[in-house]
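# Observations on chain architecture
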Amino acid sequence: QQPVQSPQAVILREGEDAVINCSSSKALYSVHWYRQKHGEAPVFLMILLKGGEQKGHDKISASFNEKKQQSSLYLTASQLSYSGTYFCGTGGYTSGTYKYIFGTGTRLKVLA
Amino acid sequence: DSGVTQTPKHLITATGQRVTLRCSPRSGDLSVYWYQQSLDQGLQFLIQYYNGEERAKGNILERFSAQQFPDLHSELNLSSLELGDSALYFCASSVGGEDTEAFFGQGTRLTVV
């Protein structure tokens, strides 16, 4: 079952904050976050492992609530370079096999 | 430049044909991942190899197969191609096994006509 991301799309002004959510119906071992700009390959942002930790670098951080099977990505004081599509990828076992499943994606556009 | 090299960049082929996509991971990376990205399906994980062994498997079709060679490069073989296989195929590599930072190549755009 594909994780559901919300919102599907968001438009921000430079300097505004945004939160992108990722919800799964399956038990999760990990959550990965990626950003993909149009016509380019995805770029890794961070991984969160079981344990409810929060990670971050620069003005982008994320949390992982394994009980709720949810993760959130926090973008603070957004910059033009933050524009792109954000994907969460969830890691977990299905029928004894480890799999990664990507979310539906959130398109984010930052305006000057 | 992520350090991951994929060839070819573009491929156009006819239905029913077979193609091979190649991926050279970053120096020192032991894991290679393959992904398919299409407009209607989004980003789909296909398969992961770690140091030559299959490590994780997604919803990879039986017509598709992959392997990782002793020099750690990987190939994705797609056979009996259908129009719906047209997509961008990404390879990524990482140092470790599951749940480690992955670096993506620029992708191979496959068009099946």
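See the structure printed just above.
The text that follows walks through the structure, step by step, so that each part is easy to find. Source: prediction; values computed, not measured.

Thresholds, definitions, all that
- Residues numbered from 1 in each chain as written.
- Chains lettered and ligands numbered in written order.
- Predicted model: local features only at pLDDT ≥ 70, side-chain atom pairs only at ≥ 80, totals over all residues.
- Heavy atoms only, no water.
- Helix = DSSP H or I, 4+ residues; strand = E, 2+ residues; numbered from the N terminus.
- Rg over C-alpha atoms; globule rule 2.2 N^0.38 Å.
- Phe/Tyr/Trp six-rings, centres within 6.5 Å; stacked < 30°, edge-to-face > 60°.
- Buried < 20%, exposed > 50% of the residue type's maximum accessible area, 1.4 Å probe, protein only.
- Contact = heavy atoms within 4.5 Å.
- Buried area = accessible area lost by both parts, 1.4 Å probe.
- Salt bridge = Lys/Arg side-chain N within 4 Å of Asp/Glu carboxyl O.
- Polar contact = N/O pair within 3.5 Å; in protein donor to acceptor, adjacent residues only side chain to side chain.
- Pairing = 2+ DSSP bridges.
- Axes fitted to C-alpha atoms, helices over the stretch in contact; angles between N-to-C directions.

Time to look at the overall build of chain A. Broken down by element type, chain A carries zero helices and eleven strands. From first element to last, N terminus to C terminus, chain A shows the α and β order β-β-β-β-β-β-β-β-β-β-β. Taken over C-alpha atoms, the radius of gyration comes to 14 Å for chain A, in line with the 13 Å a tight globule of 112 residues would show. When the backbone C-alpha atoms are referred to their principal axes, chain A occupies close to 45 × 30 × 20 Å.

Before going further, it helps to spend a moment on the packing of aromatic side chains. Aromatic ring pairs are reported here in terms of the distance separating the ring centres and the angle at which the planes meet. Enumeration over the complete set of coordinates arrives at 15 aromatic pairs over all chains. When the centroid spacing of 4.9 Å and the interplanar angle of 75° are considered together, the rings of tyrosine 93 of chain A and tyrosine 98 of chain A count as edge-to-face. The partly exposed category is assigned to tyrosine 93 of chain A, whose relative accessible area is 47%. Tyrosine 98 of chain A gets classed as buried once you look at its relative accessible area, which sits at 5%. An angle of 85° between the planes, with centres 5.0 Å apart, marks the rings of tyrosine 100 of chain A and phenylalanine 45 of chain B as edge-to-face. Here tyrosine 100 of chain A is found in strand β10 (residues 97-102), whereas its partner phenylalanine 45 of chain B is found in strand β5 (residues 42-50) on a different chain. Phenylalanine 45 of chain B carries the same exposure label as tyrosine 100 of chain A, and that label is buried.

Between chain B and chain A, the contact holds 20 residues from the first and 16 residues from the second. Each partner contributes to the roughly 1,600 Å² buried at the junction of chain B and chain A, and carbon and sulfur atoms together form 60% of this total. Counting the surface chain B buries against chain A, the share from its top three residues, Leu43, Asp99 and Phe104 of chain B, is 38%. Applying the counting rule to chain B against chain A returns zero salt bridges. Scanning the region where chain B abuts chain A turns up three residue pairs in polar contact (both at pLDDT 80 or more).

All names here are of chain B. Strands sit in the order β1-β3-β8-β7 across an open sheet of four strands; the sheet is antiparallel. One side of each edge strand has no neighbouring strand; the edge strands of this open sheet are β1 (5-7) and β7 (64-68). Pairwise comparison of adjacent strand axes, ignoring direction, gives a mean angle of 15° for this sheet. Relative to strand β8 (residues 74-78), strand β3 (residues 19-24) runs antiparallel, the two sharing five bridges. Paired with cysteine 23 across the bridge in β8 is serine 74.

Here we take up the pattern of salt bridges. All names here are of chain B. Evaluation of the coordinates by the stated rule reveals three salt bridges over all chains. Aspartate 29 is the salt-bridge partner of arginine 26, the closest N and O atoms lying 2.8 Å from each other. What makes arginine 26 partly exposed here is its relative accessible area of 22%. The shortest N-O distance in the salt bridge between glutamate 82 and arginine 63 comes to 3.7 Å. Of this pair, glutamate 82 sits in the loop between β8 and β9 (87-94) while arginine 63 sits in the loop between β6 (53-57) and β7; the two residues are 19 residues apart in sequence, bridging distant segments of the chain. A single salt-bridge network, built from bridges that share partners, covers Arg63, Glu82 and Asp85.

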